[in-house]
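Read off the chains here:
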Amino acid sequence: MSESLLTVGKIVNTHGIRGELKVLLNTDFPEVRFAPKSRLLIVDAEKKTKIEVTVVSARSNNGTYIVKFEGFDNINDVEKYKGTELKVPKEQAVELSENEYYYHEIIGCRVVSDEDEDLGVIEEILRPGANDVWVVKLPSGKQLLLPVIDDVVLDVDVQNKLVKVHLMEGLL
């Protein structure tokens, strides 16, 4: 049970009566994660249970995904999974191109300015629109919102959990 898992979605509700589930995505690769025959784990953190499931079908629907798993054919089969997470083993991570990172690689990184000022640690990632925003907890306890754009993020070293940024006027 201790192998590393990546969360790819959260089951937020049932959809209809034929065993479909409404999933809030936590992946940039839904077409890979929810392709027919792909295998996922339904993980219930409270009950400490893991069930392997196979995707039969999936489709996008108003910012969520409607997913159907093999062997779950009515609402009674799936209702108990509301609130659980869908995960995959870390080894199944999709290879990213240069300058692309997984959330788990960014959260916890120390942030320093191009003038070597220690700014704090990234504790959250927001996705408001055009670009992601990294939420940095400053030593003062306040938050700094860093837009993830080339003018601001200069270097990301995931091995050493260090991000170098240029603080544009108005950010602090």
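Residues numbered from 1 in each chain as written. Predicted model: local features only at pLDDT ≥ 70, side-chain atom pairs only at ≥ 80, totals over all residues. Heavy atoms only, no water.

If you walk around this closed barrel you meet the 6 strands as 1-2-5-4-3-6, and the pairing is antiparallel. Put simply, the sheet's adjacent strands are angled 50° from each other on average, direction ignored. As judged from the 6 bridges shared by strand 1 (residues 5–15) and strand 2 (residues 20–25), these two strands associate in the antiparallel manner. Residue pairing for strand 2: Ile11 is matched across the bridge by Val23. (Pairing = 2+ DSSP bridges. Helix = DSSP H or I, 4+ residues; strand = E, 2+ residues; numbered from the N terminus. Axes fitted to C-alpha atoms, helices over the stretch in contact; angles between N-to-C directions.)

If you trace the 6 strands from one edge of the open sheet to the other, you get 10-9-8-7-12-11, paired in mixed fashion. Both edges of this open sheet fall to strand 10 (143–147) and strand 11 (153–157), since each of them pairs with a single strand only. Between one strand and the next, the sheet's axes are offset by a mean angle of 35°, whatever the strand orientation. Inspection of the sheet shows strand 11 paired to strand 12 (residues 162–165) by 4 bridges, in the antiparallel sense. Paired with Asp157 across the two strands is Leu162, which belongs to strand 12.

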